[in-house]
Amino acid sequence: MRVIAGELGGRHIQAPNGRVTRPTSDRVREALFAMLEDVAGVRVLDLFAGSGALGIEALSRGAGDAVFVERDALALRALRANLAALELAAPAARVRRADALAALRSARRRKETYDLVFIDPPYVQARDWGTELSVVLPPLLAPAARVIVESDRRAPLQLDIPVERERRYGDTTIRIHSHP
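Residues numbered from 1 in each chain as written. Predicted model: local features only at pLDDT ≥ 70, side-chain atom pairs only at ≥ 80, totals over all residues. Heavy atoms only, no water.

Peer 1: An account of the side chain of arginine 175 is needed here, citing residue identities and associated values.
Peer 2: As for its position among the elements, arginine 175 is in strand S7 (residues 172-178). In this structure the side chain of arginine 175 is engaged in a polar contact, spanning 2.9 Å, whose partner is the side chain of glutamate 166. (Helix = DSSP H or I, 4+ residues; strand = E, 2+ residues; numbered from the N terminus. Polar contact = N/O pair within 3.5 Å; in protein donor to acceptor, adjacent residues only side chain to side chain.)

This is the structure we're talking about:
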């Protein structure tokens, strides 16, 4: 895996060992960021961050800062190694070891808001997250925020946030939701 474009374009990042984490492929990330266009200065939340590929790509392309949320120990090890190798550190890149909902509730208590949120849960759990994320996530979204959901096309994660665009790449579905 590699960073596709921007300041860190071409640099390699590692995927976590094991089968729990499935990194977003280079092809899908490239297509996704082409749809997003300019991400300069945005505040990013990379939920279920895994290797951090999506948040790192956003930072490489000029995002203001990114919060990476991950609870799996192997994924956290790869994420931290990737951030260190790319020399991305706080305040631009912050890692939170937590369950997704706990991290969102904590962010709400801190009155954080985000312009761009990546949600890429394990495919087998995607359907289970829609209802809870639809309740907890909106207070954290800045005006005109976009929420990117990656899931299996056969069992997509459904959010109660308007869908702006949807694309399929093999078994992967990418939905771009726009917060009013």
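Peer 1: If you had to explain helix H4 (residues 100-109) to someone new, which residues and values would you point to?
Peer 2: Where H4 is concerned, the buried positions are Ala100, Leu101, Ala103, Leu104, Ser106 and Ala107. Against strand S1 (43-47), strand S2 (65-70), strand S3 (93-97), strand S4 (114-119) and helix H5 (126-136) lie the buried residues of H4. The N-terminus of H4 is capped by aspartate 99, whose side-chain oxygen sits 3.0 Å from the backbone nitrogen of leucine 101. Trailing H4 by a residue or two, lysine 111 shows a phi angle of about 60 degrees, which is positive. (Buried < 20%, exposed > 50% of the residue type's maximum accessible area, 1.4 Å probe, protein only. Contact = heavy atoms within 4.5 Å.)

Peer 1: Explain the packing of H4 against H5 to me, using residue names and the numbers behind them.
Peer 2: Orientation of H4 relative to H5, taken along the N-to-C sense of each, is 5 degrees, at an axis distance of 11 Å. In terms of axis orientation, H4 runs roughly parallel to H5. Contact residues: Ala100, Leu101, Leu104 and Arg105 in H4; Trp129, Glu132, Leu133 and Val136 in H5. Among the residues forming the contact of H4 with H5, the class breakdown is six nonpolar, no polar and two charged. (Axes fitted to C-alpha atoms, helices over the stretch in contact; angles between N-to-C directions. Parallel < 35°, antiparallel > 145°, perpendicular 65-115°, else oblique. Nonpolar A, V, L, I, M, F, W, Y, C, P; charged D, E, K, R; others polar.)

Peer 1: Lay out unusual backbone geometry with the relevant residues and their values.
Peer 2: With omega at 5 degrees, the peptide bond leading from alanine 90 into proline 91 counts as cis. Note that proline 91 resides in the loop between helix H3 (73-85) and S3. Not every positive phi belongs to a glycine, and phenylalanine 48 is a case in point at roughly 60 degrees. Of note, phenylalanine 48 is situated in the loop between S1 and helix H2 (53-60). Classification of phenylalanine 48 by relative accessible area gives buried; the value is 16%.

Peer 1: Lay out the packing of helix H1 (residues 26-36) against H2 in plain terms, naming residues and giving numbers.
Peer 2: In the contact formed by H1 and H2, the axes pass within 11 Å of each other and the chain directions differ by 45 degrees. Regarding the angle of H1 to H2, the classification is oblique. Of the two elements, H1 crosses H2, and the hand of that crossing is right-handed. Contact residues: H1 offers Arg29, Leu32 and Phe33, while H2 offers Ala53, Leu54, Glu57 and Ala58. (Left-handed = near helix turned anticlockwise from the far one by under 90°.)

Peer 1: A description of H5 should follow, citing residues and the corresponding values.
Peer 2: Every buried residue of H5 is listed here: Ala126, Trp129, Gly130, Leu133, Ser134 and Val136. The buried residues of H5 all sit within an arc of 160 degrees when viewed along its axis, so they share a single face. Turned more than 90 degrees away from the buried face of H5 sit Arg127, Asp128, Thr131 and Val135, all of them exposed. Next to the buried residues of H5 lie S1, H4, S4 and strand S5 (141-152). (Arc of directions from axis to C-beta.)

Peer 1: Could you give me a rundown of the packing of aromatic side chains, with the residues and numbers involved?
Peer 2: Counted under the stated rule, the structure contains two aromatic pairs. Consider the rings of phenylalanine 33 and phenylalanine 118, whose centres lie 5.9 Å apart with planes at 45 degrees: the pair is tilted. Linking phenylalanine 33 in helix H1 with phenylalanine 118 in strand S4, this pair joins segments that are 85 residues apart in sequence. When the centroid spacing of 4.9 Å and the interplanar angle of 75 degrees are considered together, the rings of phenylalanine 48 and tryptophan 129 count as edge-to-face. Separated by 81 residues along the polypeptide, phenylalanine 48 in the loop between S1 and H2 and tryptophan 129 in helix H5 bring together distant segments of the chain. (Phe/Tyr/Trp six-rings, centres within 6.5 Å; stacked < 30°, edge-to-face > 60°.)

Peer 1: Give a description of the sheet that holds S4 that names residues and reports values.
Peer 2: Spatially, S3-S2-S1-S4-S5-S7-S6 is the arrangement adopted by the seven strands of the open sheet, whose pairing is mixed. At either margin of the open sheet sits one strand with a lone partner, and together these are S3 and strand S6 (163-169). Each adjacent strand pair in this sheet contributes to an overall mean axis angle of 15 degrees, direction not counted. Relative to the sheet, H3 contacts S2 and S3, its axis offset from that of S3 by approximately 170 degrees. (Pairing = 2+ DSSP bridges.)

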